[in-house]
Amino acid sequence: MPKRKELKSVLIIGSGPIIIGQACEFDYSGSQALRSLREDGIETILINSNPATIMTDPSMADHVYLLPLTTKSIIKVLKKHPNIDAVLPTMGGQTALNLCIEAAEKGIWEDFDTEIIGVDIDAINITEDREKFRELMEKIGIGVPPQASATSFLKGKEIAQEFGFPLVIRASYTLGGAGASIVHRQEDFDELLSIGLEVSPIHEVMIDKALIGWKEYELELLRDANDNVVIICTIENMDPMGIHTGDSITVAPAMTLSDRTFQRMRDMAIKMMRSIGDFAGGCNVQFAVSPDDEEDIIAIEINPRVSRSSALASKATGYPIAKVATKLAVGYHLNELDNQITKSTSALFEPSVDYVIVKIPRWNFDKFEGSDRTLGLQMKSVGEVMGIGRSFQEALHKATQSLEIKRNGLGADGKGYTDYETIIQKLTVPSWDRVFVIYDAIQLGIPLSRIHDITKIDMWFLKQYEELHCLEKEISKYTVESLPRELLLEAKQKGFADRQIAHMLDCYESEVHKKRMSQDIKRVYKLVDTCAAEFKAVTPYYYSTFEEEIETADGKRYVANDSDVSDRKKIVVLGSGPNRIGQGIEFDYCCVHGVLAAAECGYETIMINCNPETVSTDFDTADKLYFEPVFWEHIYDIILHEKPEGVIVQLGGQTALKLAEKLDKYGIKIIGTSFDSLDLAEDRGSFSRLLQENDIPYPEFGVAESADEALELADKLKFPLLVRPSYVLGGQGMKIVINKEELEEHVVDLLRKIPNNKLLLDHYLDGAIEAEADAICDGEDVYIIGIMEHIEPCGIHSGDSNATLPPFNLGEFVMQQIKDHTRKIALALKTVGLINIQFAIKDDKVFIIEANPRASRTVPFIAKAYGEPYVNYATKVMLGDKKVKDFNFNPQLEGFAIKQPVFSFNKFPNVNKNLGPEMKSTGESILFIDNLKDDEFYNLYTRRKMYLSK
């Protein structure tokens, strides 16, 4: 039992829909918190509005309320559960903290006699209010940048006059750096000051003297009620001050920090945590360090909650910060808790890591046409990846291979920049691809001193890059036959992919792999064990590396591999990689449920994923976790090592699906729907033939591979036309065109961006209603789990549409057609598992837009709305463990559930916000209404046509 026996029921506030600046790291921390409380027999009540997450799954909490995150909803929950003793608001990001403060100001916690645990209101106020934070730091003798706060335009102008430029403007009480900017020139100041004052909920900004070129560090701390403090992780930003930490490449442990300065930083962080309030829980502290021999330290900010960085730190060290912070919040002390990885040592320790981790953010600028792509104090990335290696170089390569942006790592893929002016420009103005451009600059012969002067990136990092480039030059002198073993091993140890080495040697990837195997250069797997192998770890959480052979005294030679292969039947689940628009947390939800279902069927489960923010990469979700890029070479090596029964690809979105062809080619069994069927659904020509044979209508279409072919087709199909490339995600590159000029321009642009792609041209059914269905099929029977009608017209991407379950405006005749078509298509595609089909309805005739025989974005939404574990059922069907008829389906929903998209346009103020066939939303919420007379439904319905952009 917890040390505080009076805490029997706890409310947790979630973080709501995913937005830029607040992503699924809070799904991970919230899920850990719920599990942590339930272990202690505490009743858990959760309020969150996000249907796509694991956190809101009925299995996660005793009571889940899918309600808007407002004080009105809080009151509703507290009235229903008068026995709630405490609220834990530190697991739901800024959204939860802000809601907690609002409820406190309105006296709600007091009215219901609910205690706030894990933080106190004073601590939130001190850390969020920049002026109070500055005063406190001065009081405890910790340096802050020269700064002053302004609550009016005039005051801001006075401060700027006093400090001089460059300046930093930071808005109080905001998230993801909203409203923050660096002002280099006086003429930009007025506009940026106005934005900052407007964005801050209390209309206050802090104006700092900009610490341009200073190095940035973060520390993750935990403290218990006995005032024991441990520092879990030190993270160094490769990018200097001036780029939001969520948009920075970060490295752990810190690489360029002297021990003397680290000890000072530790002491300062502990002093800061103790000074902001007397609470037990987690804290994140950010510092700037001068890039000279003095190494002056200045405090930037402190957050008294788990953060994006604490999810990263948890995955980097194996120390589950959110889980332990929750235990501390209910009264445990650190020395009373177990280290979750070793189970034999205490949680009152600071992890040691014998490896390096590199986090790289993932951006989606292509979704925001005309957006400002430069990086600064406002966060713009939508997700992130993490690479683990024995060296910085290996971890950096693995992280770049995880991004899924058609790069194979740094250099050696023919895709780098070669123009001097372009490279200098990209180095000068921080951009999303600077991690690659540094390599291009070195390749072009630009001296490291010049690169350092421009970017202010520490020389140590630049020298690491230079070493990689020297190795590439050396390898390029050889052929695949003549390449010495030691050079090949060195390249692998430094993280170069087989594909990159093949590029250097001008041969095929398979030849490099074959040579590697023949010379016994194989991946070995190492444990993330929190204690640098000092104690035995019981949690199988691995990363790969390459090692030289060890020779024992008796002459035996071997390579140490921590991953023992059992003789149990195994299933691999491929994760969905980094979050991005079009592929978000909903696929992580599906992967986790897939893993749990496979375990229920008696399989040993193996998870492969590289996203540090998610529940799928939690150390105890699967029997074995390989924290590796979802990249062919890494997956193939794990499969050769583990020899599983098969691989599940249909739960990890397009990321996993794209690897199906390779798996099929190499004779690896795909669990569920076969590659041929997956490919047939993606190939528009073959799919349309299948529809024709089954007498199912579809919009007239044609396939073009050039602008000439497209123009010829246009005469036959008639405008408006929907143009889209094959094999893409989230409607990438889709557009509705209304004349030949627009068509030619778009086709030329697409073929430049995605060469050799087949383009599909459909006659666009103007004014049609759009609907979609999700179903489970076992090859013989089909069960439709949900049919949704979109409120917006056909032509707006399904991920950006408000969708109602069940439909609100489709007659029996149309519904019957949808059901018949769904069954026919699922069976014709020989689907085993899940399928999603999208329809356009015009003049009571149902046309097929597309079919995806995989888990879709809407499956978690339907599962939450109906209270049924559909992914669990579908996985058991895929594994052949159950048939559709074995399940007792019993959906429960009174009224309607509406899936509402949420956008992050505020990060890109000058972007066209019109919606169209390319998806732009970053997340979603769920809204339950009793009937169609509801005001919210009426508002959505009256606005439905406003956004359609052709």
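That block above? That's the structure.
First things first, this report covers the structure right here in the doc.

## Description of the nonpolar core
Thought 1: Counting 171 residues, the largest nonpolar core has Tyr319, Leu574 and Val649 as its most contacted members.
Thought 2: Per-element accounting of this core gives the leading share, 7 residues, to helix α14 (residues 434-444).
Thought 3: Residues in contact with valine 649, not counting those within four places in the same chain, are Leu574, Ala656, Leu657, Ala660, Leu663, Ile670 and Leu678.
Thought 4: Counting 54 residues, the second-largest nonpolar core is a separate cluster that includes Ala96, Ile116, Phe133 and Met273.

## Notes on the packing of helix α24 (residues 675-682) against helix α25 (residues 684-693)
Thought 1: Packing of α24 against α25 leaves a shortest axis separation of 5 Å and a crossing angle of 95 degrees. It follows that α24 is roughly perpendicular to α25 by the angle criterion. For the pair formed by α24 and α25, the contact residues are Leu680, Ala681 and Glu682 on the first element and Arg684, Ser686, Phe687 and Leu690 on the second.

## Digging into the packing of aromatic side chains
Thought 1: Enumeration over the complete set of coordinates arrives at 26 aromatic pairs.
Thought 2: A centroid spacing of 5.4 Å and a plane angle of 5 degrees characterise the contact between phenylalanine 903 and phenylalanine 905, whose relative ring orientation is stacked.
Thought 3: On the basis of relative accessibility, which here comes to 25%, the residue phenylalanine 903 falls in the partly exposed class.
Thought 4: You can call phenylalanine 905 buried: its relative accessible area is 10%.
Thought 5: Ring-pair connections join several aromatic residues into one group, and the members of that group are Phe365, Phe368, Phe903, Phe905 and Phe908.
Thought 6: Over the ring of phenylalanine 631 we find arginine 499; its NZ or CZ atom is 4.7 Å from the centre of that ring.

## Side note on the packing of helix α13 (residues 420-428) against α14
Thought 1: Relative to each other, α13 and α14 sit at 140 degrees, their axes nearing to 10 Å. Taken together, α13 and α14 sit at an angle that is classed as oblique. As α13 packs across α14, the resulting crossing turns out to be left-handed. Taking contact as the criterion, the partners of Tyr420, Ile423, Lys426 and Leu427 in α13 are, on α14, Arg434, Val437, Ile438, Asp440, Ala441 and Leu444.
Thought 2: Classifying every residue of the contact of α13 with α14 gives 7 nonpolar, no polar and 3 charged.

## A word on the layout of surface pockets
Thought 1: The volume enclosed by the second largest pocket comes to roughly 1200 Å³.
Thought 2: The wall of the second largest pocket is formed by 44 residues, among which Ser181, Ile182, Asp372, Thr374 and Gly376 lie closest to the centre.
Thought 3: Broken down by secondary-structure element, the contributors of at least two residues to the lining of the second largest pocket are β8 (181-183), α8 (186-199), α13 and α15 (448-455).
Thought 4: The class makeup of the residues in the lining of the second largest pocket is 21 nonpolar, 14 polar and 9 charged.

## Describing empty space enclosed by the protein
To locate leftover empty space, one rolls a probe as large as a water molecule over the atoms.
Thought 1: Applying the stated criterion to the full structure yields 15 cavities of 30 Å³ or more.
Thought 2: One number sums up the size of the largest cavity: a volume of about 650 Å³.
Thought 3: The set of elements that each furnish at least two residues to the lining of the largest cavity consists of α24, β26 (721-725), β28 (759-763), β29 (769-778), β32 (832-842) and β33 (845-852).
Thought 4: Of the residues forming the lining of the largest cavity, the biggest block, 4 residues, is contributed by β33.
Thought 5: Split into classes, the residues belonging to the lining of the largest cavity amount to 18 nonpolar, 14 polar and 9 charged.
Thought 6: Approximately 520 Å³ is the volume found for the second largest cavity.
Thought 7: At the level of secondary structure, the elements contributing two or more residues to the lining of the second largest cavity comprise α1 (25-39), α5 (121-128), β7 (167-171), β10 (215-223), β13 (281-289), β14 (297-303) and α10 (308-317).
Thought 8: A per-element tally of the lining of the second largest cavity places β14 first, with 4 residues.
Thought 9: Of the residues assigned to the lining of the second largest cavity, the class counts are 11 nonpolar, 14 polar and 9 charged.

## Some remarks on the sheet that holds β26
Thought 1: Taking strand neighbours across the sheet as the criterion, the 4 strands line up as β25-β28-β26-β27 in an open arrangement whose pairing is antiparallel. Each end of this open sheet is capped by a strand with a single partner; those strands are β25 (701-704) and β27 (735-737). Averaged over all pairs of adjacent strands, the angle between their axes in this sheet comes to 25 degrees, without regard to strand direction.
Thought 2: Summarising the sheet, β26 and β27 pair through 3 bridges and their orientation is antiparallel.

## What about the sheet that holds strand β17 (residues 524-527)?
Thought 1: On the basis of which strands lie adjacent, the open sheet formed by 6 strands has the order β17-β18-β23-β22-β21-β24 and mixed pairing. Lying at the two open borders of the sheet, with one neighbouring strand each, are β17 and β24 (646-648). The mean angle between the axes of side-by-side strands here comes to 30 degrees, regardless of whether they run parallel or antiparallel.
Thought 2: Judged from the 5 bridges that link them, strand β21 (residues 570-574) and strand β22 (residues 604-609) form a sheet pairing that is parallel.

## Details of the pattern of salt bridges
Thought 1: Under the defined criterion, the tally for this structure stands at 53 salt bridges.
Thought 2: The salt bridge partner of arginine 4 is glutamate 6, with a shortest N-O separation of 2.8 Å.
Thought 3: Residue glutamate 490 is joined to lysine 494 by a salt bridge in which the shortest nitrogen-to-oxygen separation is 3.9 Å.
Thought 4: Taking relative accessible area as the criterion, glutamate 490 reaches 32% and is therefore assigned partly exposed.
Thought 5: On the accessibility criterion, lysine 494 (13% relative accessible area) is buried.

## A look at α1
Thought 1: Across its 15 residues, α1 extends 21 Å between first and last C-alpha, which sits within 8% of the 21 Å expected from 1.5 Å per residue.
Thought 2: At the exit of α1 stands glycine 41, carrying a positive phi of roughly 75 degrees.

## Observations regarding the environment of threonine 400
Thought 1: Mapped onto the elements of the fold, threonine 400 is located in helix α12 (residues 392-402).
Thought 2: Judged by relative accessible area, which is 0%, threonine 400 ranks as buried.
Thought 3: Setting aside residues up to four positions removed in sequence, threonine 400 forms contacts with Ile360, Arg407, Gly409, Leu410, Val435 and Phe436.
Thought 4: Side-chain polar atoms of threonine 400 contact the backbone oxygen of histidine 397, separated by 2.8 Å.

## Section: the environment of glutamine 401
Thought 1: Looking at where glutamine 401 falls in the secondary structure, it is placed in helix α12.
Thought 2: Residues glutamine 401 and arginine 485, spaced 84 residues apart in sequence, show a C-alpha to C-alpha distance of 23 Å.
Thought 3: Among the polar contacts listed, one links the side chain of glutamine 401 to the side chain of histidine 634, at a separation of 3.1 Å.

## Looking at a negative patch on the surface
Thought 1: A grouping of Glu705, Asp708, Glu709, Glu712, Glu741, Glu744 and Glu745 is seen on the molecular surface, where their side chains present a negatively charged patch.
Thought 2: Sorting the residues of the negative patch by element identifies α26 (707-717) and α27 (740-753) as the ones contributing at least two each.

## As for the side chain of glutamate 772
Thought 1: Along the chain, the position of glutamate 772 falls in strand β29.
Thought 2: No salt bridge is formed by the buried glutamate 772; its nearest oppositely charged neighbour, lysine 899, is found at 5.8 Å.

## Observations regarding the pairing of β29
Thought 1: Counting buried residues along β29, 9 of its 10 residues qualify, which places the element largely inside the surrounding structure.
Thought 2: Of the strand pairs in this sheet, β29 and strand β30 (residues 782-793) are connected by 8 bridges, and their pairing is antiparallel. Residue pairing across strands places aspartate 774 opposite glycine 786, the latter belonging to β30.
Thought 3: Across 10 bridges, the pairing between β29 and β32 is antiparallel. Across the sheet, glutamate 770 pairs through a bridge with alanine 840, a residue of β32.

## Describing unusual backbone geometry
Comment: phi is negative for the bulk of residues other than glycine, and the bulk of peptide bonds are trans.
Thought 1: At the junction of phenylalanine 165 and proline 166, the peptide bond is cis and its omega measures out at 0 degrees in the coordinates.
Thought 2: By secondary structure assignment, the location of proline 166 is in the loop between α7 (153-163) and β7.
Thought 3: Note the cis peptide between alanine 252 and proline 253, where omega equals -5 degrees.
Thought 4: Phi is positive for glutamate 295, which is not a glycine, with a value near 50 degrees.
Thought 5: Following the sequence through the fold, glutamate 295 ends up in the loop between β13 and β14.

Procedures and definitions
- Residues numbered from 1 in each chain as written.
- Predicted model: local features only at pLDDT ≥ 70, side-chain atom pairs only at ≥ 80, totals over all residues.
- Heavy atoms only, no water.
- Core = buried A, V, L, I, M, F, W, Y, C linked by side-chain atoms within 4.5 Å.
- Buried < 20%, exposed > 50% of the residue type's maximum accessible area, 1.4 Å probe, protein only.
- Helix = DSSP H or I, 4+ residues; strand = E, 2+ residues; numbered from the N terminus.
- Contact = heavy atoms within 4.5 Å.
- Axes fitted to C-alpha atoms, helices over the stretch in contact; angles between N-to-C directions.
- Parallel < 35°, antiparallel > 145°, perpendicular 65-115°, else oblique.
- Phe/Tyr/Trp six-rings, centres within 6.5 Å; stacked < 30°, edge-to-face > 60°.
- Lys NZ or Arg CZ within 6 Å of the ring centre and 35° of its normal.
- Left-handed = near helix turned anticlockwise from the far one by under 90°.
- Nonpolar A, V, L, I, M, F, W, Y, C, P; charged D, E, K, R; others polar.
- 1 Å grid on protein atoms, 1.4 Å probe; cavity = no way out; pocket = protein on both sides within 12 Å on 5 of 7 lines; lining within 4 Å.
- Points joined across faces, edges and corners; volume = space filled by probe spheres on them.
- Pairing = 2+ DSSP bridges.
- Salt bridge = Lys/Arg side-chain N within 4 Å of Asp/Glu carboxyl O.
- Expected span 1.5 Å × (residues − 1).
- Polar contact = N/O pair within 3.5 Å; in protein donor to acceptor, adjacent residues only side chain to side chain.
- Patch = residues over 30% accessible without salt bridge, like charges linked within 9 Å, V, L, I, M, F, W, Y side chains within 5 Å.
- Areas by Shrake-Rupley, 256 points an atom, 1.4 Å probe, with all protein chains shown as cover.
- Lys, Arg positive; Asp, Glu negative; His and termini not counted.
- Charge placed at Lys NZ, Arg CZ, Asp CG, Glu CD.

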